[in-house]
Amino acid sequence: MQGSASKGASSDDGQRIEIVVRGDEGSARLDRVLAVHSPDLSRSRLKSLILAGQVLVAKPSIAKDPAKTAPTKTAPIRDPAYHVAAGDTITIDVPPAISAEPKGEAIALDIVYEDDDLIVVNKPKGLVVHPAAGHETGTLVNALIAHCGESLSGIGGVRRPGIVHRLDKDTTGLMVAAKNDAAHKSLSAQFADHGRTGALQRGYLAFVWGLPNRPHGTVDAPIDRHPYAREKMAVRAGGREAITYWEVREAFTSRDGKPVAALLACRLATGRTHQIRVHLAHAGHPLLGDDVYGPHFKTKANQLEASARTALGALERQALHAYLLVIEHPRTGEVLRWEADLPKDLFLLKTALAATE
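1. What about the overall build of the protein chain?
Of the regular secondary structure elements, the protein chain holds seven helices and 16 strands. By residue count, 44% of the 357 residues in the protein chain fall in the buried class. When contacts within the protein chain are restricted to residue pairs at least 6 apart in sequence, long-range pairs at least 24 apart make up 67% of them. Of the roughly 17600 Å² of accessible surface on the protein chain, 50% is carried by carbon and sulfur atoms.

Here it is, written out as structure tokens:
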């Protein structure tokens, strides 16, 4: 099979590219095959499209009549190292090119506090903090630009104006953004210090599987990229220092009266990607609803009452909420403290879990 690629006039105008894998390309890496057939797209662009789920691979469906063989689409392939086979049909959905500088968008914000130097928001689930591959628009940055105009600090770069820290897309809770460069420098220094010498505190409420065998503790374990699943993080020797403090706030029992889940209050002494999720899973207590770091705990839902199972099923995210934020005001030095109640989905989960006690 010789294979071919079909595409429109411009690969950056939002179109679909189709490639049939040649016989001599069988067992080759997906990203390498794409690079050969899509010279108009850089390797980094192709990788970002793969990671964003914009690349599909269809295996040929063998019919009794070979002349009627037709490809059947599979789920998106998100691994650049995936090995394709001869006869596969690869489809690349290339979104329209977007300006590197994000634009303001009318996205509602739950503003907790605002002055001339900073703004504190209560981020909802599903909201990405800043533009990235697969999430070029509809982010918190787009909302902040629309709300604050040109007053946002530019130190974070054109893609992350005002951003001094982040929350995962599906983690809810308190975030602060800087509205000028002086505030950005002060806040960044506070977050880099992690409260070792200053007032900064970041507190999270985490619903976890199981009940720790003591009322409080520390997870001190280095974190780095997962060796195989590059979109994940993992506890790894030689990784970056990561420390999480936790304490049990409440225990929840199963139908037979045994502990099945707990509500923990966590505090960060470092700020690694997915830190709480990785550390609690490493400790044997992954977050409820976390399909990335706790997939093997899904069957524990069978131990819950029907109302709790329903609340967990409706969650569709990790059960993590940034409820506490304490900072020193960058201009006045005043210590400011905010707390955010559990969002509705986690409140319903907590209520349902408590009803099984």
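2. Focus: the nonpolar core
Formed by 29 residues in total, the largest nonpolar core has its most connected members in Tyr204, Cys266 and Leu280. For this core, the secondary structure elements donating two or more residues are β7 (118-123), α3 (140-148), β8 (172-178), β9 (201-209), β14 (259-268), α5 (275-282) and β15 (320-328). For this core, the leading source of residues is α3, giving five residues. By size, the runner-up hydrophobic cluster in this structure holds 24 residues, among which are Trp209, Ala319, Ala352 and Leu353.

3. Considering the packing of helix α6 (residues 306-315) against helix α7 (residues 344-354)
The interhelical angle for the contact between α6 and α7, taken along N-to-C directions, is 160 degrees, at an axis separation of 8 Å. The angle between the axes of α6 and α7 places the two elements in the roughly antiparallel class. The two elements α6 and α7 cross, and the hand of that crossing is left-handed. Counted together, Ser307, Ala308, Ala311, Leu312 and Leu315 of α6 and Asp345, Leu346, Leu348, Leu349, Ala352 and Leu353 of α7 form the full contact between these two elements. In terms of residue class, the contact of α6 with α7 is built from nine nonpolar, one polar and one charged.

4. Here we look at the pairing of strand β13 (residues 243-253)
As paired strands, strand β10 (residues 216-220) and β13 are joined by five bridges and run antiparallel to one another. Following the sheet pairing, Val219 is matched in β13 by Thr244. Of the strand pairs in this sheet, β13 and β14 are connected by nine bridges, and their pairing is antiparallel. Looking at the pairing, Thr244 lines up with Leu268 of β14. Linkage of β13 to β14, two consecutive antiparallel strands, is achieved through a turn of five residues, within which Gly257 is found at a positive phi near 85 degrees.

5. Notes on the environment of Trp209
Looking at where Trp209 falls in the secondary structure, it is placed in strand β9. Residue Trp209 is classed as buried on the basis of its relative accessible area, which comes to 3%. Separated by 43 residues in sequence, Trp209 and Phe252 have C-alpha atoms that sit 9.5 Å apart. Sequence-distant contacts of Trp209, defined by excluding residues within four places in its chain, comprise Val260, Ala261, Gly284, His285, Pro286, Leu287, Leu288, Phe297, Lys300, Ala301, Leu304 and Leu312.

6. With respect to α7
Looking at α7, one finds that the buried residues are Asp345, Leu346, Leu349, Ala352 and Leu353. All buried residues of α7 fall inside an arc of 125 degrees around its axis, so they share one side. In this structure, the buried residues of α7 make contact with β8, β9, β13, α6 and β15.

7. So, a positive patch on the surface
There is a patch of like positive charges on the surface, built from Lys47, Arg225, Arg230 and Arg236. Summarising the element assignment, Arg225 is placed in strand β11 (residues 223-225). Residue Arg225 is classed as partly exposed on the basis of its relative accessible area, which comes to 33%.

8. Remarks on empty space enclosed by the protein
Taken as a whole and judged by the stated rule, the model has two cavities of 30 Å³ or more. Around the largest cavity sit Ala108, Leu109, Asp110, Val121, Asn122, Lys123, Pro124, Leu127 and Leu140, which together line it. It is β7 that provides the largest number of residues to the lining of the largest cavity, a total of three residues. Size it by volume and the second largest cavity reaches roughly 30 Å³.

9. Let's talk about the pattern of salt bridges
Evaluated as defined, the whole model comprises 15 salt bridges. Of the charged contacts in the structure, one is a salt bridge between Glu114 and Lys179, with a shortest N-O distance of 2.9 Å. With Glu114 in strand β6 (residues 111-114) and Lys179 in the loop between β8 and α4 (181-193), this pair connects stretches of sequence that are 65 residues apart. Taking the shortest distance from any N to any O, the salt bridge between Arg331 and Asp117 comes out at 2.6 Å.

10. Points about the confidence of the model for the protein chain
Mean pLDDT over the protein chain stands at 86; residues scoring 70 or higher make up 86%. Between residues 5-12, whose pLDDT stays under 50, and residues either more than four places distant or in other chains, the model counts 26 contacts.

11. Observations regarding the packing of aromatic side chains
One pass over the structure, following the stated rule, counts two aromatic pairs. An angle of 45 degrees between the planes, with centres 5.4 Å apart, marks the rings of Tyr113 and Trp338 as tilted. Here Trp338 lies in strand β16 (residues 335-339) and Tyr113 lies in strand β6, a separation of 225 residues in the sequence. Tyr113 sits in the partly exposed class, given a relative accessible area of 27%. On the basis of relative accessible area, Trp338 is assigned to the buried category, the value being 9%. Considering the side-chain rings of Phe207 and Phe252, the 6.3 Å spacing of their centres and the 20 degrees angle between planes classify their relative orientation as stacked. Taken together, the positions of Phe207 in strand β9 and Phe252 in strand β13 put the pair 45 residues apart, joining distant regions of the chain.

What counts and how
- Residues numbered from 1 in each chain as written.
- Predicted model: local features only at pLDDT ≥ 70, side-chain atom pairs only at ≥ 80, totals over all residues.
- Heavy atoms only, no water.
- Helix = DSSP H or I, 4+ residues; strand = E, 2+ residues; numbered from the N terminus.
- Buried < 20%, exposed > 50% of the residue type's maximum accessible area, 1.4 Å probe, protein only.
- Contact = heavy atoms within 4.5 Å.
- Areas by Shrake-Rupley, 256 points an atom, 1.4 Å probe, with all protein chains shown as cover.
- Core = buried A, V, L, I, M, F, W, Y, C linked by side-chain atoms within 4.5 Å.
- Axes fitted to C-alpha atoms, helices over the stretch in contact; angles between N-to-C directions.
- Parallel < 35°, antiparallel > 145°, perpendicular 65-115°, else oblique.
- Left-handed = near helix turned anticlockwise from the far one by under 90°.
- Nonpolar A, V, L, I, M, F, W, Y, C, P; charged D, E, K, R; others polar.
- Pairing = 2+ DSSP bridges.
- Arc of directions from axis to C-beta.
- Patch = residues over 30% accessible without salt bridge, like charges linked within 9 Å, V, L, I, M, F, W, Y side chains within 5 Å.
- Salt bridge = Lys/Arg side-chain N within 4 Å of Asp/Glu carboxyl O.
- Lys, Arg positive; Asp, Glu negative; His and termini not counted.
- Charge placed at Lys NZ, Arg CZ, Asp CG, Glu CD.
- 1 Å grid on protein atoms, 1.4 Å probe; cavity = no way out; pocket = protein on both sides within 12 Å on 5 of 7 lines; lining within 4 Å.
- Points joined across faces, edges and corners; volume = space filled by probe spheres on them.
- pLDDT = per-residue confidence, 0-100.
- Phe/Tyr/Trp six-rings, centres within 6.5 Å; stacked < 30°, edge-to-face > 60°.

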